[in-house]
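For reference, the chains in residue letters:
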Amino acid sequence: MRLSRTARAVLGGCMALGLAVVYVPLLLVLLNSFNADRSFAWPPSGFTGEWWRRAWHSAGARDALLTSVQAGLAATAVALVLGSLAAFAVHRHRFFGRQTVSFLVVLPIALPGIVTGIALNAAFRTVLEPLGIGFGLFTVVVGHATFCVVVVFNNVAARLRRLAPGTEEASADLGARPPQTFRYVTLPAVRSALVAGGLLAFALSFDEIVVTTFTAGPGTQTLPIWIYSNLSRPNQAPVVNAVAALLIAVSVLPVYIAQRLSSDAAGGRL
Amino acid sequence: MTTRHGERLRLAGLLAPPLIWLAAAYLGSLAVLFLSAFWTTDSFTTDVVRIWTTDNFQQVLTVPVYRTIALRTLSIAVAVTVVDALLALPMAYFMARVAPARLRGALVVAVLTPLWASYLVKAYAWRVMLGEHGLINALAAPLGLHGPGYGTTAVVLVLAYLWLPYMILPVYAALERLPEQHLEASADLGAGAWQTLRYVVLPAVRPAVLAGSVFTFSLSLGDYVAVQIVGGKTQMLGNVIASQVTLDLPMAAALSAVPVVLIVCYLTAVRRAGALDSL
């Protein structure tokens, strides 16, 4: 279609405006973390590093950060094991119910977060509490791992699909035993997909809030929960904003690295 | 390489851990939730009483407040989907067919990366922008306008913002696949740009828009954080469910069936239109 110059300019304008709308809110959070005016009125009235200093010394935010990292690492570890096992099973074997496995893996993020959240909440209350296991870090990890499996699964499955089918057979033909083939052929091929999937799982866990709300219990605060519970306190606003700025950096960086590793822009989230 | 028996054993070894986890932790939980929708709550102790009843579902269907909120949630989800489709079409068209080839990859990354920035922080960023002295009012004031403030409009805006990448990506993929010859043929047959858009481009991206709408629609239906942050007094299904969880779990369970049923209906409709194949 031969677009007129005006049409191209209009489309380019839409793109530029769209990208601006996408990034301005995020940049504004970063900018406001240095804004001297504590009500964030526009335009900013001056520059200060005070909020970052206070955020750094805020005990609540520090504890929440630690909890988030612990939950993220544990959930990522579980997701890495379960996701890659499922990906290998679905890729390597033809069996009855193969589609169902893929469906089951996606279901926890396909259903609304609130449904997943209250389902886990109801189950923990009926099953775990009678056993003496209360809500806390453990229940958060179980919840996060459940919906993180899908990103590892998607990344590893996509990589296995691209892996030339003959390579593993060639390795066997050359006399390698299955563990050797796995060690020298399969693992190097999927390693970066595992790293990418793991980073994305961590990022997903790190900023999750809905499932966390219903699985954390009163004593456990992840960073997003801490932000959420401090949003309505005006005197905490600048500190909340600095923590939010940190959260943007921490959740976008692993994704950036993962994208470089997996050459799949959506990182398996779609 | 191995015997059939060994093959089976290996498959079982691979499948057992993820399936046991997902079945026990997830399907089990969903089953508990579903069952508890048929139980009831002791109004004094707020303990769940295991007596079978369909009262909860009857209430969900008959109490006017629930119906109003369900309809409002549905309208918000539809509005978000429409806004996202209208925003995604020109952007995806530019990315796929106007921008120079070397820029395309960078644009895709630029559009998709914010998808991973914290959901909560993005909603919070809009709360700051929509505030009385925020950026939006500061920009609108010289034009003699006033921003929407916190409320239903703000919820639609923020949800559309949050889910936009989910719409752009499939539309971009569909436009990229569209052969240039189709557009040239249309032009050779005498169609103007608008006619080509109407009769060639739009039909080609329709399945992709439907596929994207699955995300925008279902994510909006289940949302309850954004609406608490920028919604003012607006209530959506998610809020009502969340507020009932500790007080009346059976009622919350019955209510949560509403978004699930709506999503399943929508998925079935979209699937019938053949849009899920393009995902």
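Source: prediction; values computed, not measured.

1. Focus: the interface of chain A and chain B
Thinking step 1. Facing the 73 residues of chain A at the interface are 71 residues of chain B.
Thinking step 2. A total of 14 residues in the side of chain A that touches chain B trace back to one element, the largest contributor, which is helix 1 (residues 5-32) of chain A.
Thinking step 3. Here the side of chain A that touches chain B is composed, by residue class, of 57 nonpolar, 12 polar and 4 charged.

2. Topic: the environment of Val227(B)
Residue and element names in this part refer to chain B.
Thinking step 1. With respect to the helices and strands, the residue Val227 is situated in helix 10 (residues 225-230).
Thinking step 2. Val227 gets classed as buried once you count the C-beta atoms within 10 Å, which come to 25.
Thinking step 3. Separated by 38 residues in the primary sequence, Val227 and Cys265 place their C-alpha atoms 24 Å from one another.
Thinking step 4. With near-sequence residues (within four places) excluded, Val227 lies in contact with Val155, Thr234, Met236, Gly238 and Asn239.

3. Concerning the environment of Ser205(A)
Thinking step 1. Mapped onto the secondary structure, Ser205(A) falls in helix 8 (residues 178-206).
Thinking step 2. When the C-alpha positions of Ser205(A) and Ala244(A) are compared, they lie 16 Å apart, and in sequence the two are 39 residues distant.

4. Here we look at the UniProt feature "transmembrane region" (unreviewed entry) in chain A
Residues and elements named next belong to chain A.
Thinking step 1. Summarizing the sequence annotation, UniProt attributes the feature "transmembrane region" (unreviewed entry) to residues 9-31, 71-90, 102-124, 130-153, 193-217 and 237-257 in the numbering used throughout.
Thinking step 2. Secondary structure across residues 71-90 divides into 100% helix and 0% strand, with the first and last C-alpha atoms of the span separated by 28 Å.
Thinking step 3. Spanning residues 237-257, this segment combines 100% helix with 0% strand, and its end C-alpha atoms are found 31 Å apart.

5. Points about the packing of helix 5 (residues 113-128) of chain A against helix 1 (residues 4-36) of chain B
Thinking step 1. Two elements in contact, helix 5 of chain A and helix 1 of chain B, have axes whose closest approach is 8 Å; the angle formed by their N-to-C orientations is 85°. In terms of axis orientation, helix 5 of chain A runs roughly perpendicular to helix 1 of chain B. Contact residues: Ile118(A), Ala119(A), Leu120(A), Ala122(A), Ala123(A) and Thr126(A) in helix 5 of chain A; Gly28(B), Ser29(B), Leu30(B), Val32(B), Leu33(B) and Ser36(B) in helix 1 of chain B.
Thinking step 2. Tallied by class, residues from the contact of helix 5 of chain A with helix 1 of chain B come to 8 nonpolar, 4 polar and no charged.

6. Considerations on helix 11 (residues 237-244) of chain B
Thinking step 1. Leu237(B), Gly238(B), Val240(B), Ile241(B) and Ala242(B) are the residues of helix 11 of chain B that are buried.
Thinking step 2. At its buried positions, helix 11 of chain B is contacted by helix 5 of chain A together with helix 3 (64-98), helix 9 (193-221), helix 10 and helix 12 (249-272) of chain B.

7. Thoughts on the UniProt feature "domain: ABC transmembrane type-1" (unreviewed entry) in chain B
Thinking step 1. Within this structure's numbering, the places UniProt gives as "domain: ABC transmembrane type-1" (unreviewed entry) are residues 70-268 of chain B.
Thinking step 2. A distance of 20 Å separates the end C-alpha atoms of residues 70-268 of chain B, which is 79% helix and 0% strand.

Cut-off values and rules
Residues numbered from 1 in each chain as written. Chains lettered and ligands numbered in written order. Predicted model: local features only at pLDDT ≥ 70, side-chain atom pairs only at ≥ 80, totals over all residues. Contact = placed C-beta atoms within 7 Å. Helix = DSSP H or I, 4+ residues; strand = E, 2+ residues; numbered from the N terminus. Nonpolar A, V, L, I, M, F, W, Y, C, P; charged D, E, K, R; others polar. Buried ≥ 20, exposed ≤ 12 C-beta atoms within 10 Å, placed from the backbone. UniProt positions renumbered as here; feature names shortened; annotations may be inferred. Axes fitted to C-alpha atoms, helices over the stretch in contact; angles between N-to-C directions. Parallel < 35°, antiparallel > 145°, perpendicular 65-115°, else oblique.

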